Amino acid sequence: MRFVIALLVFVSIAAQAVIETYEFSDPALEERYRQLSAELRCPKCQNQNIADSNAPISQDLRRLLYEQLEAGASDEEILEYMVARYGEFVRYRPSYDGATLILWLAPLGLLVLALVGVVATLRGRRSTSEEALLDPGQQQRLDELLEQAGQDK
């Protein structure tokens, strides 16, 4: 019974897949369409590209993408248009500019910050353990006390 339910869920998900009916004048355009639609993020969906989304905005973006490709626009021109209209969020891989610099450098900065924290912690432990060592006078007094304790037994 569980298998049948799982199968029905799988079939219903597959039935909701996006079906494109665009006819391209060139197979190369169709390939570019597939690549660009996989690279562009749906503005409405959280983390879905326009190729996989059934949202009305994604349908509009796919139609717009098709029209621009057929009109002869380059990939860069299409991406620039989409970013100008919907913001950098529409790209899965944001460009390297001042506004997105923090996105690209944040992982490196966090790694450096973590390494500095680890080094500072280890140095702090080392200095604490060095401070815990006894000077020669203290060590001699400790040895005397231990000797006396051994004799008292």
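Summary of the structure given here. Because the structure is a prediction, the values reported are computed rather than measured. (Residues numbered from 1 in each chain as written. Predicted model: local features only at pLDDT ≥ 70, side-chain atom pairs only at ≥ 80, totals over all residues. Heavy atoms only, no water.)

**Comments concerning the overall build of the protein**
When helices and strands are counted, the protein shows six helices and zero strands. Listed by position from the N terminus, the elements making up the protein come as α-α-α-α-α-α. Summed over its atoms, the accessible surface of the protein is roughly 11600 Å², and 60% of this surface lies on carbon and sulfur atoms. (Helix = DSSP H or I, 4+ residues; strand = E, 2+ residues; numbered from the N terminus. Areas by Shrake-Rupley, 256 points an atom, 1.4 Å probe, with all protein chains shown as cover.)

**Some details on the nonpolar core**
Looking at soluble globular proteins, one finds that nonpolar side chains tend to be buried together. With 19 residues, the main nonpolar core has L65, L69, I78 and M82 as its most contacted residues. Only α2 (27-39), α3 (56-71) and α4 (75-86) provide two or more residues apiece to this core. Per-element accounting of this core gives the leading share, five residues, to α3. Ignoring sequence-local partners within four residues, the contact set of M82 consists of L40, L61, L64, L65, G87 and V90. (Core = buried A, V, L, I, M, F, W, Y, C linked by side-chain atoms within 4.5 Å. Buried < 20%, exposed > 50% of the residue type's maximum accessible area, 1.4 Å probe, protein only. Contact = heavy atoms within 4.5 Å.)

**Points about the environment of R63**
Relative to the helices and strands, R63 is located in helix α3. Sequence separation between R63 and Y22 is 41 residues; the distance between their C-alpha atoms is 8.4 Å.

**Looking at the packing of α2 against α4**
Packing of α2 against α4 leaves a shortest axis separation of 12 Å and a crossing angle of 30°. By the criterion of interaxial angle, the relationship of α2 to α4 is roughly parallel. Crossing hand, α2 versus α4: right-handed. Touching R32, L36 and E39 of α2 are D75, I78 and L79, all from α4. Tallied by class, residues from the contact of α2 with α4 come to three nonpolar, no polar and three charged. (Axes fitted to C-alpha atoms, helices over the stretch in contact; angles between N-to-C directions. Parallel < 35°, antiparallel > 145°, perpendicular 65-115°, else oblique. Left-handed = near helix turned anticlockwise from the far one by under 90°. Nonpolar A, V, L, I, M, F, W, Y, C, P; charged D, E, K, R; others polar.)

Such coordinate-based values are descriptive only and should not be taken to indicate function.
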